[in-house]
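Given next are the chains, with one letter for each unit.
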Amino acid sequence: TNEPQAYEFQAETRMLLDIVAKSLYSEKEVFVRELISNASDAIEKARYLALQGKELDSSEADMKIHITTDKYDKTLTIQDSGIGMSREELIDNLGTIARSGSKAFIQQLQEGGGADPQSIIGQFGVGFYSAFMVAEKVEVFTKSRLPGSIGYIWASDGCGKYTVEECQNVEPGTKIICHLKVENREFADEQTIKDVIKKYSSFIGSPIEVNGEQANNIKPIWLMDPKEVSPDQHDEFYRYVGSAYDKPRFVLHYRTDAPVDLRCVLYVPEGKPGLFDLNRDAESSVSLYCRRVLIMNKAENVLPKWLRFLKGVVDSEDIPLNLSRELLQDSALIRRLRTVIQNRVVRFLFDKSRKDAESYSKFFTDYGIFIKEGILSSQEQVEKEEIAKLIMYDSSAKPIGEKVTLPEYIGRMTDNQKDIYYLAAPSRELAESSPYFEALKKRNVEVLFCYEPYDEVVLMQLQEFGNRKIISVEKEMRQDKDAVDYEGAEGGLRRSQANELMDWLKTVLSGRCWGVKATPRLESHPCVITVEEMGAARHFVRTQFTQIP
Ligand code: ADP
Ligand code: MG
């Protein structure tokens, strides 16, 4: 049909439009970022198909984003030579909310009750619909790049309805015309637009032209010489790739040619991880490129799960472009990349721990839980021990607040100490006054203190480090074979009295304990209870139970 057809927006979309239009959002300019990023996505999709050998309408010579401003007409036009849309795609993509960001936005608003939409829009970006913050009418001319496609025009004033109509002479790709509201006419000003591009879109991988002049610098940071990239550039790039608002605390810019070709820039955020990041289902924040072509945003599997707190870009020339996205998910190559990156990141963090102990220790306080997860989730002992170089614990040999690593601990061990000792307790106070600690303290043996329930699980899994067994002091106590010197102990029990007491205890506790024995180790405590094997997990188990409301 050639008649314009009218459609209604899906209910959720209407609601979103309503909120976006009404919340007098102070940074309206983000709509420029959203439309440019859509144009860029569309170009990346076209490039990707072309590289896979798909036949596309017209050449890929002009993969650019053209922006034109017209003050007189109060219009801003954003045109791309990207993949374009068919009629169905227009209706599906611009009439309904598929976008995860927008969905999360609405959810957040609904859950947050009276939450301030302004602060939430910036966080999620509401995509295409943000154009209605500034436009009284939006027209989308689009024609799919797949051969034999027809051109369409989609139009709406953002008030519940839109129309779709066939249209002649549409260039392959998409052209969006924003007819600005009078009060937003500033966005028809060339300089304003250039400034906004500089602020939000400097790293877009395609050239952006404003009224015929190039407005962005398109040299990708990760392909540059690490020495040439300034901290400011990293800050900006971090915010761009990570959709973040803070800064990176650590920057790893790494290039290698063997065993795989790899160029990557990875960031540890300045901010602490949110509850959501802790979730193992959290999305990856790393994009995968091959020779500057975006292969996959939020690429899973390029990094091991436990490194999901990193943000950045991984580029490898070795990725075959004709590989399907599904296969990419877990090819041998991706596994190789993952191993190389993990090793490099671990080495990087280990260096930090030695050269910049203070910031490393802060990092560990915020992100240590991921490192522990890394130990638990790796298969090989070598790998576990590599990652274990990064964990830190309180130590009986250090004042409160100073943590030690396992290599440091081993460095201080004397010749007559074979094993690494740890004690799990809810707090430093309880650890220091623990009967299990008493004997080792007397012998001047360093003990690591750990306070989190999962610490024991991690250390039990690790089992050893640098050929030293890692042993809970509870277990150590149980293995104690030290003889009691009955004659020497002044005011103590005689051997016969001690035996009598032990027999009595065995009867009273029968069926509930394996054995009772005398020890010379305790000084300020009359007795201790030790538990075989599960002993180390007792603390964990107890916490699990006490957490049940
Ligand atoms: P998102 O970009 O997160 O998917 P948007 O609301 O920004 O959400 O866009 C919705 C969808 O509309 C996109 O996923 C895409 O399929 C389509 N779209 C938007 N702009 C363009 C464009 N310039 N070219 C082709 N498709 C587009
Ligand atoms: Mg978008």
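Residues numbered from 1 in each chain as written. Chains lettered and ligands numbered in written order. Predicted model: local features only at pLDDT ≥ 70, side-chain atom pairs only at ≥ 80, totals over all residues.

## Looking at the overall build of the chain
Thinking step 1. Counting its secondary structure elements, the chain contains 19 helices and 20 strands.
Thinking step 2. Looking at the 549 residues of the chain, the share that counts as buried comes to 32%.
Thinking step 3. Counting only contacts in the chain whose residues sit at least 6 apart along the sequence, the fraction spanning at least 24 positions is 70%. (Helix = DSSP H or I, 4+ residues; strand = E, 2+ residues; numbered from the N terminus. Buried ≥ 20, exposed ≤ 12 C-beta atoms within 10 Å, placed from the backbone. Contact = placed C-beta atoms within 7 Å.)

## Let's talk about unusual backbone geometry
Thinking step 1. Cis geometry marks the peptide bond from Ala258 to Pro259; its omega dihedral reads 0 degrees.
Thinking step 2. Looking at where Pro259 falls in the secondary structure, it is placed in the loop between strand 10 (248-256) and strand 11 (262-269).
Thinking step 3. Although it is not a glycine, Asn211 sits at a positive phi angle of roughly 45 degrees.
Thinking step 4. The residue Asn301 is not glycine, and still its phi comes out positive at about 75 degrees.
Thinking step 5. With respect to the secondary-structure elements, Asn301 resides in the loop between strand 13 (293-296) and strand 14 (311-315).
Thinking step 6. You can call Asn301 partly exposed: it has 18 C-beta atoms within 10 Å.

## Overview of the nonpolar core
Thinking step 1. In terms of nonpolar packing, the biggest core is built from 68 residues, with Tyr422 and Leu423 touching the most fellow members.
Thinking step 2. Core analysis: the next-biggest nonpolar cluster, separate from the first, contains 49 residues, Val20, Ile43, Val138 and Val164 among them. (Core = buried A, V, L, I, M, F, W, Y, C linked by C-beta atoms within 7 Å.)

## Focus: helix 11 (residues 357-377)
Thinking step 1. Taking 1.5 Å per residue, 21 residues should reach 30 Å; helix 11 reaches only 26 Å between its end C-alpha atoms and comes up short.
Thinking step 2. In the structure, helix 11 departs most strongly from a straight axis at Tyr367, where the bend amounts to approximately 70 degrees.
Thinking step 3. Of the positions making up helix 11, those classed as buried are Tyr360, Phe363, Phe364, Tyr367, Ile371, Lys372, Glu373, Gly374 and Ile375.
Thinking step 4. The inward-facing, buried residues of helix 11 abut strand 10, strand 11, helix 10 (332-355), helix 12 (381-388), strand 15 (392-395) and helix 16 (453-462). (Expected span 1.5 Å × (residues − 1). Bend = angle between axes of the 7 residues up to and from the residue.)

## Remarks on the sheet that holds strand 1 (residues 5-8)
Thinking step 1. What the nine strands build is an open sheet, ordered 1-6-5-4-7-3-2-8-9; its pairing is mixed. Every other strand in the sheet has two partners, leaving strand 1 and strand 9 (213-214) as the edge strands with one partner each.
Thinking step 2. The sheet contact formed by strand 1 and strand 6 (residues 161-166) spans four bridges and is antiparallel. For Gln5, the partnering residue across the bridge sits in strand 6 and is Val164. (Pairing = 2+ DSSP bridges.)

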